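Listed below are the residues making up each chain.
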Amino acid sequence: MTGLHWLTAAEAAEAIRGRKLSPVELTHALLDRIERLDTKLHVFIRLDRDAALESAKAAEAEITAGRPRGPLHGVPVGIKDIIDVAGLPTTCHSKILIDNIAAADAVCVSRLRAAGAIVLGKLSTHEFAIGGPSFDLPWPPARNPWNTAHHPGGSSSGSGSGVAAGLFPVALGSDTGGSVRNPASACGIVGSKPTYGLVSRRGVFPLSFTLDHVGPLTRTVSDNALMLDAIAGHDPLDAGSAAVPPGHYAAGLERGVRGLRIGFIRHFHETDLPADPEVAAGLENVAATLHKLGADIRDIRLPTLGEFGAVNRVILQSEAWAIHAPWLRERPGDYGQLARRRLLGGAFISAGDYVQASRRRLEMIAAVEDALREVDVLLCASAMDPPSRIEDAAETERTYPRQARTPFNVTGHPALAMMAGLSSAGLPLSVQFVARYFAEGMLFQVARAWERAAGTDEKHPRID
Amino acid sequence: MDKAIIELLARRAGLERALKEFPEDVTSAAEQASGWVAKMQAPREPHAEPWPPMKPGTGL
């Protein structure tokens, strides 16, 4: 087979099941592509070539023996380097944890292995999932395959860049203030943050206990649903884990949007944080397309992005301070500057401020729940700007907070960001969909309708 | 936020080393945190509860 690097996970798994493709051939093809391109993209912190090939050979033997493990049998995956993979370092892209070897797989990784996936290695992140594109860390920051002079979003930066560049079809990331959806937006792929508690966080280095989510990054909506099917499920040893039955998230993908009520949160990008005109036009195009497909589009109002952002940051910085205080006291010089500045903030937030943010949080949850009683799905911006040049620190600092992702970390609702089109400069534009708690199937249904209408799954960067 | 208050709070938090080696980062972090707190609209209703709630019997 040719063009193996653009196969989706679903296509690869089907070809492997049908013995039309060998997992070893696929893994070799991706390892060769990684070797050729990763000097430009800096996606990997640790490529585990030998273990990946061993796993691929085992997967091939299992298929030959008629014992497929699951729906991702033989499919290579990348893992953000805040998520434990047994025997590999979990560095969080930081000097602080440079020698930290994971004793066991995180629950989400062991579930991927149980579904048959092959772990390729550990991927770049913003330091501790909070810094930003930084040049003062032990490894360089990942770059955007659509234009390597630009950042790929973050904090799951290697996950986004690698999936978009065809280094692997699917990856895991984490999302505390938008860190799956940001790289999905910047790299023109699909990134989802499931309902809080749907995917176990055990074995994932925490940033903020009540805001952290694990989620998949993929090139298609169908692959995103496939990944969520594999990693979702109750974990009795994760205190925040939700005891809900499995979702079968890929089951209703092709149902379309006819008759669905979609709430468009225009004030996010029109008045709260006025978006780049191309971003705004892209959002209007998504809404108009879904309307043409039969959806009823209504305006919805929520609290402002300024308020959501403040509550997110007060909670995040307080909880992150509780984790990082010992290292910030003893080893402040071992952090990069961006992470150090952000993590130190928690030292200046009082216990009372944290409780007030948690009380305001409940009001915000009520506001989103009220909105989702009027409509089936919410549509809004993800990023207000196309990704900036990675070495323009001032522009990155200006544009990074101009986003509408943090509200749904505050409330825990499932949210998905994906490509809305391309800018005149050839950089991805994005849209975000939000659904009711545990209604990821509805989220994928709407996202798939947009994907099918716009052909976003056929758009790849010319990185070769 | 006043510089003397920032230094006092930083020392109380045990950040002497950061204050000495990265004073601008400490100041920047304090000012940013103060800005976030100022932007929050705390509930005035006394019965407004924080989230997540205490739920006995549902833990590990």
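First things first, this report covers the structure right here in the doc. (Residues numbered from 1 in each chain as written. Chains lettered and ligands numbered in written order. Predicted model: local features only at pLDDT ≥ 70, side-chain atom pairs only at ≥ 80, totals over all residues. Heavy atoms only, no water.)

Focus on the overall build of chain B
Worth spelling out the cut-off: Every helix listed is a DSSP run of H or I at least four residues long, and every strand listed is a run of E at least two residues long, numbered separately from the N terminus. Radius of gyration here is computed from C-alpha atoms only, and the compact-globule reference equals 2.2 Å multiplied by the residue count raised to the power 0.38. Buried means the residue's accessible area, taken with a 1.4 Å probe over protein chains only, is under 20% of the maximum for its type, while exposed means over 50%, and partly exposed covers the values in between. Method for areas: the Shrake-Rupley scheme with a 1.4 Å probe, in which residue coverage is limited to the protein chains shown.
What chain B contains, in helices and strands, is 3 helices and 0 strands. Listed by position from the N terminus, the elements making up chain B come as α-α-α. Here chain B has a C-alpha radius of gyration of 17 Å; the compact-globule value for 60 residues is 10 Å, and the former is much larger. Referenced to the eigenvectors of the C-alpha coordinate spread, the extents of chain B come out at roughly 45 × 30 × 15 Å. The buried share of chain B, taken over its 60 residues, is 27%. Summed over all atoms, the accessible surface of chain B reaches about 4400 Å², with 55% contributed by carbon and sulfur.

A short note on the nonpolar core
Residue and element names in this part refer to chain A. Quick note on the threshold: Side-chain atoms within 4.5 Å link the members of a nonpolar core, which is a set of buried Ala, Val, Leu, Ile, Met, Phe, Trp, Tyr and Cys residues. Contacts: residue pairs with any heavy atoms within 4.5 Å of one another.
The biggest cluster of nonpolar side chains holds 126 residues, and the ones touching the most others in it are Leu290, Leu378 and Phe433. The element best represented in this core is helix α10 (residues 305–330), accounting for 11 residues. In contact with Leu378, other than residues within four places in its own chain, are Gly263, Ile265, Ile300, Leu302, Val368, Ala371, Leu372, Phe408, Gln432, Phe433 and Val434. Formed by 29 residues, the second largest nonpolar core is a distinct cluster that contains Leu37, Phe44, Leu123 and Ala165.

Some words on the pairing of strand β2 (residues 76–80) of chain A
Residue and element names in this part refer to chain A. Definition in use: In this scheme, strands are said to pair when DSSP sees at least two bridges between them. By convention, orient the strands away from the viewer: a clockwise path from the first strand over the helix to the second makes the crossover right-handed.
Along β2, 5 of the 5 residues are buried, which leaves the element largely enclosed by surrounding structure. The alternating pattern of β2 places Pro76, Gly78 and Lys80 and Val77 and Ile79 on opposite faces, both of which are buried. As paired elements, β2 and strand β3 (residues 118–123) share 5 bridges and run parallel to each other. Within the sheet, the bridge partner assigned to Lys80 lies in β3 and is Leu123. At this point the chain moves from β2, through helix α4 (residues 107–114), to the parallel β3, and the crossover so formed is right-handed. Bridge analysis of β2 against strand β4 (residues 170–175) gives 3 bridges, and the strand direction is parallel. Within the sheet, the bridge partner assigned to Gly78 lies in β4 and is Ala171.

What to know about unusual backbone geometry
The residue after Gly154(A), namely Ser155(A), is reached through a cis peptide bond having omega 15°. Along the chain, Ser155(A) turns up in the loop between β3 and α5 (157–164). For the bond running from Trp51(B) to Pro52(B), omega is 5°, close enough to zero to count as cis. If you trace the backbone, Pro52(B) turns up in the segment after α3 (23–39). Positive phi outside glycine occurs at Phe438(A), with the angle close to 60°. Judged by relative accessible area, Phe438(A) falls into the partly exposed class, the value being 36%.

Quick look at the pairing of strand β10 (residues 415–422) of chain A
All names here are of chain A. Counted residue by residue, β10 has 7 buried out of 8 residues, so it is predominantly covered. Alignment of strand β5 (residues 190–193) against β10, held across 3 bridges, turns out to be antiparallel. Residue pairing across strands places Ser192 opposite Leu416, the latter belonging to β10. With 7 bridges connecting them, β10 and strand β11 (residues 428–435) associate as antiparallel partners. Opposite Ala415, over in β11, you have Val434 as the bridge partner. Between β10 and the antiparallel strand that follows it, β11, lie 5 residues; Gly426 among them carries a positive phi value of about 80°.

Description of the side chain of Thr396(A)
Residues and elements named next belong to chain A. Quick reminder of the rule: Each polar contact in these results corresponds to two N or O atoms within 3.5 Å; when the atoms are within protein, one needs to be able to donate a hydrogen and the other to accept it, and residues that are neighboring in sequence are counted only if both atoms are side-chain atoms.
Within the secondary structure layout, Thr396 lies in helix α13 (residues 393–399). According to the relative accessible area criterion, Thr396 is buried, its value standing at 7%. A distance of 3.0 Å separates a polar atom in the side chain of Thr396 from a polar atom in the side chain of Ser388. If we skip the residues at most four places from it in the chain, Thr396 touches Pro133, His151, Ser388, Arg389, Ile390 and Pro401.

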